[in-house]
Amino acid sequence: VMHGQSRDGRGYRDSWISAARRAGAILVVPEFTDALYPGTDAYNLGNVGHEPEARWSYSTIEPLFDYVRAVTGNRTSGYLMYGHSAGAQFVHRLLMLVPQNRVTRAVAANAGWYTAAETAVGFPYGLLNSPATGVGIRRALGAPLTVLLGGADLDPNDPELRHTAGADRQGMYRLARGQFFFTTGASAAGQLQVPFGWSMRIVPDVAHSNSGMVPAAAQVLFG
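Let us look at the structure shown here. Remember, predicted model here, so these are calculated numbers, not experimental data. (Residues numbered from 1 in each chain as written. Predicted model: local features only at pLDDT ≥ 70, side-chain atom pairs only at ≥ 80, totals over all residues. Heavy atoms only, no water.)

Observations concerning the nonpolar core
Among the nonpolar cores identified, the biggest contains 43 residues, and M81, F90 and L94 are the most heavily contacted of them. Put simply, the parts of the chain that give this core at least two residues each are α3 (61-72), β1 (79-84), α4 (86-97), β2 (103-109), α5 (134-141), β3 (145-150) and α7 (174-192). The element that contributes the greatest number of residues to this core is α4, accounting for 8 residues. Not counting chain neighbours up to four residues away, the residues in contact with L94 comprise Y58, I61, M81, N101 and V103. In terms of nonpolar packing, the next biggest core, distinct from the first, is built from 18 residues, W16, V29, V214 and A218 among them. (Core = buried A, V, L, I, M, F, W, Y, C linked by side-chain atoms within 4.5 Å. Buried < 20%, exposed > 50% of the residue type's maximum accessible area, 1.4 Å probe, protein only. Helix = DSSP H or I, 4+ residues; strand = E, 2+ residues; numbered from the N terminus. Contact = heavy atoms within 4.5 Å.)

Written out as structure tokens, the structure is:
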């Protein structure tokens, strides 16, 4: 579970405990503190372009999975992944930029903006001049990713919502931007003639709320 901009790992853990227990899942919630991962560049954007791949924030997840398996004796070959808001940005970019990931199912909920599967648009809004490879893009488009959107996440004036030319091209509020991300992904998969593994689900009457998205996300991840 990837926390949002609040960097509140404890709160995100608490929101998922009941669902994880019902599913018999090991719940892992890393906390990327502002001290170690300052700002959007270091967390949401993974330090890509600022640090070598070994020091990307995305590059911590696979070793963390191996560590958890080692200390618990778990033999699961892959992991489920959920992120809300800034955490949703983390999740979808990890799928695109770390093709060797072992994610078996992922949910990106209410991201503020996206790295869309557009190879003619510059990173971070698209994949031009990003570290994404052709193989990685194809694998990401086939990944079992659910773009989970709050039906009431419609506020264009949210002070935490980025407004730049690149972000606003995706839409003026989070729901529209999520729909744009999904549509551009489907279009890219069609152009590349690869299977498209994403789905999109809108949660009625929920705005920008992690706790409001957890029940729907748990249903996606655990069935």
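After presenting the structure, the write-up continues.
Concerning unusual backbone geometry
Going from F123 to P124, the amide bond is cis rather than trans, its omega being 15°. As for its position among the elements, P124 is in the loop between β2 and α5. Here N110, not a glycine, exhibits a phi torsion of approximately 55°, which is positive. The residue N110 is located in the loop between β2 and α5 in this model. According to the relative accessible area criterion, N110 is buried, its value standing at 1%. Its identity as a non-glycine residue notwithstanding, D205 has a phi of 70°, on the positive side. Position of D205 among the secondary structure elements: in the loop between β4 (199-203) and α8 (210-222).

Some points on the sheet that holds β3
Pairing in this open sheet of 4 strands is parallel, and the strands run β1-β2-β3-β4 from one edge to the other. Lying at the two open borders of the sheet, with one neighbouring strand each, are β1 and β4. This sheet shows a mean twist of 15° between the axes of neighbouring strands, independent of strand direction. Along the sheet, α7 makes contact with β3 and β4, crossing β3 at roughly 160°. (Pairing = 2+ DSSP bridges. Axes fitted to C-alpha atoms, helices over the stretch in contact; angles between N-to-C directions.)

Side note on the pattern of salt bridges
Two side chains that carry opposite charge are able to pair once their charged atoms sit near each other. Here the structure, examined in full by the defined rule, presents 10 salt bridges. Between D66 and R69 there is a salt bridge, and its shortest N-O distance comes to 3.6 Å. In this pair, D66 and R69 are both assigned in helix α3, 3 residues apart and thus about one turn of the helix distant. With relative accessibility at 34%, the residue D66 sits in the partly exposed group. Residue D158 pairs with R174 through a salt bridge whose shortest N-O separation is 3.0 Å. Residue D158 is found in the loop between β3 and α6 (165-168), and its partner R174 is found in helix α7; the two are separated by 16 residues along the sequence. (Salt bridge = Lys/Arg side-chain N within 4 Å of Asp/Glu carboxyl O.)

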